[in-house]
Amino acid sequence: MAELTTVYQVKGMTCGHCEGAVSSEISEISGVSSVKAVAATGEVTVTSAGPLDLEAVRAAVDEAGYELVGPAA
């Protein structure tokens, strides 16, 4: 089964530490295989085995101290 890549928009990331915090929390969601956060654009690219529950992603981003705006358009 092909993996799914979703890009989320996250508000509040300003540096590498921010990227690491967000990536670390989202990585803990079941099914996630990779996370790449980019503070400059606020984009977090998540690769997973299937669709992720948006509320689980929101909770992970909140736990890291940032705000999930939603899936990037």
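Look up a bit, the structure's there.
Caption draft 1: Expanded view of the state of the cysteines. Scanning the model with the defined rule gives zero disulfides in all. Cys-18 provides the cysteine sulfur closest to Cys-15, a residue in no disulfide bond, and the two sulfurs are 3.4 Å apart. Accessibility expressed as a relative area gives 5% for Cys-18, which makes it buried.

Caption draft 2: Molecular detail of the side chain of Ser-23. Mapped onto the fold, Ser-23 is located in helix α1 (residues 16–27). Accessibility expressed as a relative area gives 15% for Ser-23, which makes it buried.

Caption draft 3: Quick look at the sheet that holds strand β2 (residues 32–38). Reading across the sheet, the four strands line up as β2-β3-β1-β4 and stay open at both edges, with antiparallel pairing between neighbours. This sheet does not close on itself; its edge strands, each paired only once, are β2 and β4 (67–71). Taking each pair of neighbouring strands and ignoring which way they run, the sheet shows an average axis angle of 25°. Pairing geometry for strand β1 (residues 4–11) and strand β3 (residues 43–48), over six bridges, is antiparallel. Within β3, the residue paired with Tyr-8 across the bridge is Val-44. Here α1 sits on the sheet in contact with β2 and β3, set at roughly 160° to β2.

Calculation criteria
- Residues numbered from 1 in each chain as written.
- Predicted model: local features only at pLDDT ≥ 70, side-chain atom pairs only at ≥ 80, totals over all residues.
- Heavy atoms only, no water.
- Disulfide = S-S within 2.5 Å.
- Buried < 20%, exposed > 50% of the residue type's maximum accessible area, 1.4 Å probe, protein only.
- Helix = DSSP H or I, 4+ residues; strand = E, 2+ residues; numbered from the N terminus.
- Pairing = 2+ DSSP bridges.
- Axes fitted to C-alpha atoms, helices over the stretch in contact; angles between N-to-C directions.
- Contact = heavy atoms within 4.5 Å.

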